[in-house]
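Chain and residue survey
Below, each chain spelled out in residue letters.
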Amino acid sequence: MDEHDDLELQKEKEKTQRQVKAEKRKQTVRNQILILALAVIVVTAGLVFGLTRVNGKESSDIAEGGAASGEELMAAAGEEDWEMTEVLSYETFAEGDAERETIEAGHVWEDLPKMDVLVSVCPHGLDWTAYSPDNRCVLAPVNSYLTGMKATLRNQPDMSGTVQYSVNVSGYGWIDWVEDTALAGGESTDTTIEAVCMQLSGELADYYDILYSVYQNGVWTDWVRNGEEAGESGVGLRVDGIRASVSRKWPGEESYAGEINPALPMVALTYDDGPSKSVTPRILDKLESVGGRATFFMVGEQVERNPDVVNRMVQMGCEVGNHTFDHTEMTKLTQQELTEEIQRTSQVIYDCTGIRPLIVRPPGGAETDSGMDVLGFLSMPAILWSVDTRDWKTRDAAQTINTVLTTVQDGDIVLMHDLYDATGDASMTIIDELVARGYQLVTVSELSAYRGGLEPEKSYMSFRRPVN
Ligand code: NI
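Presented here is an overview of the structure given in this document. Each chain carries its own residue numbering, running from 1 in the direction its sequence is written. Given that this is a predicted model, residues contribute local features only at a pLDDT of at least 70 and side-chain atom pairs are listed and counted only at 80 or more, while totals for whole chains, interfaces and linings are drawn from all residues. Heavy atoms throughout the structure, all of them, feed into the side-chain values; hydrogens and water do not.

1. Re the overall build of the chain
Note the cut-off: Numbering of helices and strands starts at the N terminus; helices are DSSP runs of H or I of at least 4 residues and strands are runs of E of at least 2. A simple rule labels every residue: compare its accessible area, found with a 1.4 Å probe on the protein chains alone, to the largest value its type can have, and call it buried under 20%, exposed over 50%, or partly exposed in between.
When its secondary structure is counted, the chain shows 14 helices and 20 strands. Within the chain, the fraction of its 468 residues that count as buried is 51%.

Right under this line is the structure:
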């Protein structure tokens with residue numbers, strides 16, 4: 001064997017060694033992935049078991065009528081399992097260089113902005129509604145139905161793609177997909193929509209899910225996503241309402257409309273009679289610091305005085321509700337006068353924010369049959385409350401805090417008034433404590449969307465889970 005052959009042999013040997021090493025590295029990575037996958041399965045199974053176990057427990061808590069303690073709620077929510085799953089996902093990002101593709105497909109949660117889908121509908125014989133925010137119920141008035149829809153995105157990150165949608169029109173079947181603000185279906189037509197499909201295109205589809213549901217035959221259908229059909233077509237049923245939401249994709253996790261986990265407890269804080277210049281911004285600051293939202297039932301004349309505050313609410317994902325223009329009770333108004341009170345207030349809020357309120361809180365909680373007929377015609381459900389703090393009367397932060405924290409349950413609507421410093425003070429403690437107890441602070445529309453939805457002409461006091 002000469003020197004040349006020796007060198008060749010040596011190179012050959014090194015090559016073989018490199019191949020063996022590379023193969024070993026691959027094997028190690030495969031093993032790591034396998035272990036990780038097993039860990040994910042185990043944790044997921046644990047989570048599912050935890051949730052199943054707890055659901056039964058929660059129901060019994062509600063049946064007993066007592067407010068569940070913080071610990072019970074945390075346990076009920078499977079909070080610890082949830083945390084573990086999150087941590088696991090982060091470790092996947094940090095350690096799994098070999099799995100860069102998966103990581104990029106999953107993106108890192110914090111980097112992705114929350115994106116919203118806005119929906120506008122054309123009820124039969126009426127004008128298009130204003131675009132309604134993400135995860136809201138957009139309804140046709142009583143005895144009407146939807147003939148067309150449009151959708152668009154808000155807060156879109158620097159990615160290709162847009163929102164696309166198609167509707168099934170009675171007598172015609174599925175209409176070609178259209179996108180971003182284009183009309184699907186018809187206007188000035190008698191033909192009704194029977195089902196709806198929505199999807200995201202381009203890069204957006206890799207990073208976000210779009211979820212949606214329709215109001216059909218008196219119920220909201222289960223959420224479907226990413227091009228699936230919502231509603232049953234071809235059986236003579238029409239679509240009377242639509243709700244849609246965009247959610248960030250979280251690797252290994254389910255995505256939820258409004259990014260609210262329906263398995264975890266939630267409460268809707270509501271503030272009436274404002275907004276005010278001093279108290280409302282404090283409450284918004286606090287909500288923002290914990291990632292929470294609330295619903296503000298506002299009187300039109302206060303909105304005109306504080307447009308900046310109202311705009312901030314909308315930007316934070318809070319819900320703007322209608323509380324009449326000058327706080328006159330339904331019992332003191334003719335149908336015509338009530339219609340004007342409601343419409344004038346909705347118009348003021350719309351002019352200020354581009355958002356039209358979808359729900360009303362009758363001043364004083366007073367309801368009359370003729371007044372409810374008006375709300376039905378305007379397709380605006382009435383929202384009452386299940387926790388009454390009487391903050392307007394006591395003006396005592398400690399009492400307000402005590403009332404909320406000793407009685408609040410999953411699904412409750414809490415009534416407060418953002419006019420009083422004491423209510424602002426109380427909100428600081430209430431918001432922190434509810435979050436510490438594991439509650440998601442959601443809007444009334446978000447809460448209702450997970451607990452049976454809203455119907456026009458009806459009024460609601462709470463959205464507690466049904467007792468089994
Ligand atoms: Ni009021």
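2. A word on the coordination of the nickel ion
Operational definition: Only nitrogen, oxygen and sulfur atoms within 2.8 Å of the metal, or 3.2 Å for Na, K and Ca, are treated as donors, and water is left out, so sites may look incomplete.
Ligation of the nickel ion by protein atoms is provided by D273 (OD), H323 (NE2) and H327 (NE2), these donors lying 2.1 to 2.2 Å from the ion. Counting the intervening residues between successive donors of the nickel ion yields the motif D-x49-H-x3-H. Here H323 lies in the loop between β15 (319-322) and α9 (335-353) and D273 lies in the loop between β13 (266-272) and α6 (279-290), a separation of 50 residues in the sequence. For H323, a relative accessible area of 1% translates into the label buried.

3. Examining helix α8 (residues 307-315)
This is how it is decided: Taking the helix axis as origin, the arc is that swept by the directions to the C-beta atoms. Contact criterion: two residues are considered in contact whenever any of their non-hydrogen atoms come within 4.5 Å of each other.
Along α8, the residues that are buried comprise V309, V310, M313 and V314. Angular distribution of buried residues about the axis of α8 spans 140 degrees; they occupy a single face of the element. Exposed residues pointing more than 90 degrees away from the buried face of α8 are listed as D308 and Q315. Packed against the buried residues of α8 are β3 (146-154), α6, β14 (295-298), α7 (300-305), β15 and α9. Positive backbone phi, approximately 85 degrees, marks G317, located one or two places after α8.

4. Quick notes on the pattern of salt bridges
Basically, it comes down to this: Any Lys or Arg side-chain nitrogen located within 4 Å of an Asp or Glu carboxyl oxygen qualifies as a salt bridge.
Under the criterion given, the structure shown has 20 salt bridges. In this structure, the salt-bridge partner of D116 is R154, at a minimum N-O distance of 2.9 Å. One end of the pair, D116, is in strand β1 (residues 116-123); the other, R154, is in strand β3, and 38 residues separate them in sequence. Put simply, R282 and D425 hold a salt bridge, and the shortest N to O gap is 2.9 Å. Taken together, the residues R282 in helix α6 and D425 in helix α13 (residues 421-436) connect sequence positions 143 residues apart. Exposure remark for D425: the relative accessible area of 37% places this residue in the partly exposed category. Taken together, the salt bridges that share partners define one network made up of K114, D116, D134 and R154.

5. Re unusual backbone geometry
P275 follows G274 through a cis peptide bond whose omega is 0 degrees. Examined against the element boundaries, P275 turns out to sit in the loop between β13 and α6. Even without being a glycine, N217 presents a positive backbone phi close to 55 degrees. Considering the arrangement of structural elements, one finds N217 in the loop between β9 (208-216) and β10 (219-220). Its identity is not glycine, yet H327 carries a phi of approximately 65 degrees, on the positive side. Tracing the sequence through the fold places H327 in the loop between β15 and α9.

6. Looking at the packing of aromatic side chains
Quick reminder of the rule: Each pair of aromatic rings taken from Phe, Tyr and Trp, with Trp reduced to its six-membered ring, is defined by centres within 6.5 Å and is described as stacked if the planes are under 30 degrees apart, edge-to-face if over 60, and tilted in the remaining cases.
Under the criterion given, the structure shown has four aromatic pairs. Geometrically, the ring pair formed by Y215 and W220 is tilted, given 5.2 Å between the ring centres and 40 degrees between the ring planes. Take Y215 and W220: they sit in the same class, and that class is buried. Judged by centre distance (6.4 Å) and plane angle (40 degrees), the ring pair of W223 and Y450 falls under tilted.

7. Focus on the sheet that holds strand β7 (residues 184-185)
Within a sheet, each strand pairs with its neighbour through backbone hydrogen bonds, oriented either parallel or antiparallel. To keep it simple, the criterion reads: DSSP calls a pair of strands paired once it identifies at least 2 bridges connecting them.
Ordered by their spatial adjacency, three strands build an open sheet running β1-β3-β7, and the pairing between neighbours is antiparallel. Two strands close off the open sheet at either side, each with one partner strand: β1 and β7. Direction of pairing for β3 relative to β7: antiparallel, over a ladder of two bridges. Among the inter-strand pairings, G148 is bridged to a residue of β7, identified as G185.

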